[in-house]
Structure formats: C-alpha cells, structure tokens
Amino acid sequence: MNRREFGAAVAGGLLSSPFAGSLGRLSGVFGLTAPRVDGARLNRHLTELSRFGANPQGGVTRLAYSDADKQAREYVLGLMRDAKLTPTIDAAGNIIASRPGRDAGRKPILFGSHIDSVPEGGNYDGNVGSMSAIEVAQTLAEQGITTRHPLQVVIWQNEEGGLYGSRAVSGQLTPEELQNVSRSGKTIAEGITFLGGDLQRLASARRAKGDIAGYLELHIEQGGTLERDHIDIGIVEGIVGIKQWEVTVTGFANHAGTTPMDQRHDALLAAARFVEAVNRIVTSVPGRQVGTVGRIQALPGAPNVIPGQVVCTLELRDLDAAKIDTLYAGITAEATRIGRQNGTTFAFRMLHENVPAPSDSRMRGLIAAAARDLSLTSRVMPSGAGHDAQAMATLAPMGMIFVPSVAGISHAPKEFSKPADIVNGANVLLLALLRFDESPRS
Ligand SMILES: [Zn+2]
C-alpha cells in the first residue's frame, strides 16, 4: 500500500474502505476501526473547564493572567497528563504538551487553541479547540497510535488581549508591548511571570520558519453562516486582514440658535454622511469585505452648540490586503468630497493593522477530505475574527477548522455550540492531523 492509499484508509473508516483487504497490516497500527474521539468525555471536559471564572450569566470571565486563568491552566495540565502528554510551560507562558513521534528527526505538528476569555465571555471560544486537541491526543494514546511526527498540543496564553503567546513564538511580539497593561490589571511582562514563563529567556520561546511541520486549530465559527446554511464544518480559507483608523472631522463650533443653516461647518453632519458613505462604498463591489464605523464622539457635545469636531473610527477587513487599500482610497476620496460640501476637513490616522493570514491549500484539502470521510458537509470560508493561527501561518502550513455557533453569538454568555457539532469538529481535527502526518510532503 503506498502512502496515498494508506492515508485514505486511515481516514476512510477501515471497514468500509476499498483497502479493507489490508486490514491485517493496518490493524496493528490503528485497531479495527479508524479512530474516533470520545465525544462524551470531550463535552464533559468542556463543562468542567467552564467552572473556572464562571459568571452569573452562564458564561465565563477568565481574563488572561487572572486567578481563574491560572486555575483553569492547572486543570488543563491534569488533562494533558491523563492523555499521556508531557506538558511544559515555555518562556512566553504558553502550555506546550509533547508526544513523541516514530521519527524523532521530524519537526513537530502543533495543534491547540486558547482558554482565556473576554470579560463576560462564553464557554466555547478557544475552549472547544483546546479541549478537542487534548481529546485527540488522548484518543491516540488509547488506540496506541504513534504518528511519524512528534506532536505538540498548545494552549496559547492571552489570545484575547492580542495573540500575545503565539506572537511571542512567531517573533512578532515587540519588547515595548511587554509593558502593555492587560485587562487583568497586570502588564504582559507581569502576566508571563505569573503564568510560569521566564522573561529572561523569552527569546527561547521563539521558533523560526521551518521549525514546525504544520499547525492545526479547531475553533467555533463565532458567526452564524454555518448554522444558517446547515453546514457541519467550516474550512478556513484565511484570517482576514484588519486595518483601523481614527478619523477626525474638523468644522467650526458655533451657536446653534444664531448661525443660519447655510453658514454652518457642522462636523457631525459631515461625519453622518461619512458613515453612510463607508457602508455604500464597502457594499459597492462583490465579495465578503466588511467596513465599520464603530465609535463616534461629537465635540463639544452640547445640545445648543453646532459640533466643531468629531472623532470616529474606521475599520476595514478582508482576506485581500490590496482590496482593503482600494476601499480605503475610495473612502478617503469621498470624505474629501463630503468635506467640501460644508467646509469641513477629514484627517485619517492609522491605529492598527493585521495583515491577512491565508491558510495552506494542502491543509484545506486534508480537512475537506477528513470531513468527507465522516460524511460531514463542509464549506471554505474566511475567518472574520483574529486567531493564534494567524501568527502560526507565518511559520508553517496552517489549517483551521470551524464548527457552527448557534445564532452566531460569541464573546457573550449565550455563546453556544451543540455537543454533536463539537464532536464532529474534534473528529475532523483527528483525521486531518493523521492525514497530514502521513502525507509525503509534511
Ligand atoms: Zn478564540
């Protein structure tokens, strides 16, 4: 049996596979059936994890570097040991749990997610991928399967604050950012020490391109399209790029009673036209790009004063950085035109940029094949939210699997994914991992 056939048999369910005649040879490696995770155990672990930082609304507030975060990590370390993994904490405070492969000379395959949350978050964001990664490792241990590559289950620290753990590993974290204050009140530097990291050896957490064979992450969709269209599995095409600007509109503050309508330089009126223009320009071309004015403040902010200044934000997201730039050019040109109409000016200052992170096309193919093997429907889609996988995409072939979020609710206590959907996602993770491990070019 060549490798390709071998991979197909691994993921195809051996009893129904056309290679069932080779059962004798394969059964020594995989047992009589292709492996499946223990879905009941996986969902039990998710429920147990939700105790740490539980809030009265039914979700969790498990801010990175809080006591709840630390206690949840202790719980995770216990699960990892039960799964016969060897966990360590790297210098950046990430939990990295290893499992040897058959060929120690190969680079490791990493898979995992995060367990920190936003304030008043839900029980699924990050947790589904984290518990599933451990469940996959435990399944491999119980079935006596040893992969070619060494495996590392990773729980990244402080994803929600800005991908701090994964960016430390990819080398994107700057020394200045260590002084940023996280939502727990601790600086990033204090947080890393609190979690058991080592600031003096921070560089040792870094990995170079080629140090990792591949990276896989399972996550909830956090949007509502999979549920709406009755699709079981999302195959992430890439994580969208994000650009944010602060927009200052300057007019002239004056008396709201004595200034005639045709002599006003009303900054808020110009800003209102700007908000409408952003929506119009972003929707004027086909595609899944999104544009948002999410914050706005009028100054001086009195009922009887014409607003002299408005400060608002503009955010654009798309998988294609060039498209973001084209939209931005259209929006700034329109802003100039709006300003001319009533004697106001627009100034744009870039606040933040995340470059788009495409997933690996071969990883997408393996995830699609794994879903097919399980008779699950799948769809290729962008991720509108940021993930640790985008940092890993700079180092290695990256693949990301989504499961449906009920009603598309996330970062809220009502966040929910059905237990059966979570089990599907974990099985796709397991089979995609095995397929990648056996693929000739991994
Ligand atoms: Zn997340």
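Remember, predicted model here, so these are calculated numbers, not experimental data.

Student: Explain the overall build of the protein to me, please; I cannot follow it from the model alone.
Tutor: A tally of helices and strands in the protein yields 13 helices and 16 strands. For a compact globule of 442 residues, the expected C-alpha radius of gyration is about 22 Å, and the protein comes in at 25 Å, within 12% of that figure. Principal axes of the C-alpha set define a box for the protein whose edges measure 90 × 45 × 40 Å. Of the contacts made within the protein by residues no fewer than 6 positions apart, 77% connect residues no fewer than 24 positions apart.

Student: What is the right way to look at the domain arrangement of the protein in this model?
Tutor: Size of an interface, as often reported, equals the accessible area lost when the parts are brought together. What the domain assignment reports for the protein is domain 1 (35-239 + 356-438) and domain 2 (241-354). A C-alpha centroid distance of 37 Å is found between domain 1 and domain 2. Across the boundary between the two partners, domain 1 contributes six residues, which contact eight residues of domain 2. Tallied by class, residues from the side of domain 1 that touches domain 2 come to two nonpolar, three polar and one charged.

Student: Even after reading the chapter, I still don't get the confidence of the model for the protein, so can you show me in this structure?
Tutor: Considering every residue of the protein, the mean pLDDT works out to 92; 93% of them sit at 70 or more. When the criterion is pLDDT under 50, residues 1-32 qualifies, and its contacts beyond four places in sequence or with other chains add up to 50 contacts.

Student: What am I meant to see in the nonpolar core here?
Tutor: Note that soluble globular proteins tend to have their nonpolar side chains buried in a common cluster. Val153, Val428, Leu429, Ala432 and Leu433 are the most contacted members of the largest nonpolar core, which totals 90 residues. Setting aside chain neighbours within four positions, we find valine 153 in contact with Met80, Leu85, Ala97, Phe111, Gly112, Ala133, Ile134 and Ala137.

Student: Explanation requested: the pairing of strand β12 (residues 309-318) in the structure shown.
Tutor: Strand residues, when the strand is regular, have side chains that alternate between the two faces of the sheet. Where strand β7 (residues 241-250) lies against β12, ten bridges are found, and the strand directions are antiparallel. Considered in β12, the bridge of glycine 241 is made with aspartate 318. In this sheet, β12 lies alongside strand β9 (residues 290-292) in antiparallel orientation, the contact comprising three bridges. Bridging across to β12, valine 290 finds its partner in arginine 317.

Student: Please explain unusual backbone geometry as it appears in this structure.
Tutor: With the exception of glycine, most residues fall at negative phi, and the peptide bonds are largely trans. Here the bond from leucine 299 into proline 300 is cis, since omega is 5°, no more than 30 degrees from zero. Within the secondary structure, proline 300 is located in the loop between β10 (296-299) and β11 (305-306). You will see that glutamine 222, though not glycine, has its phi angle at about 70°, which is positive. Among the structural elements, glutamine 222 can be located in the loop between β5 (214-220) and α8 (225-228). For glutamine 222, a count of 20 C-beta atoms within 10 Å gives the class buried. With a phi close to 55°, histidine 411 is a non-glycine residue in the positive phi region. Residue histidine 411 is classed as partly exposed on the basis of its 16 C-beta neighbours within 10 Å.

Student: Mind showing me how you'd approach the environment of glutamine 263 here?
Tutor: For glutamine 263, the location among the structural elements is in the loop between β8 (254-255) and α9 (267-282). Judged by C-beta crowding, with 12 C-beta atoms within 10 Å, glutamine 263 ranks as exposed. For the pair formed by glutamine 263 and leucine 110, sequence separation is 153 residues and the distance between their alpha carbons is 63 Å.

Rules used throughout
Residues numbered from 1 in each chain as written. Predicted model: local features only at pLDDT ≥ 70, side-chain atom pairs only at ≥ 80, totals over all residues. Helix = DSSP H or I, 4+ residues; strand = E, 2+ residues; numbered from the N terminus. Rg over C-alpha atoms; globule rule 2.2 N^0.38 Å. Contact = placed C-beta atoms within 7 Å. Domains from an automatic or database assignment. Nonpolar A, V, L, I, M, F, W, Y, C, P; charged D, E, K, R; others polar. pLDDT = per-residue confidence, 0-100. Core = buried A, V, L, I, M, F, W, Y, C linked by C-beta atoms within 7 Å. Buried ≥ 20, exposed ≤ 12 C-beta atoms within 10 Å, placed from the backbone. Pairing = 2+ DSSP bridges.

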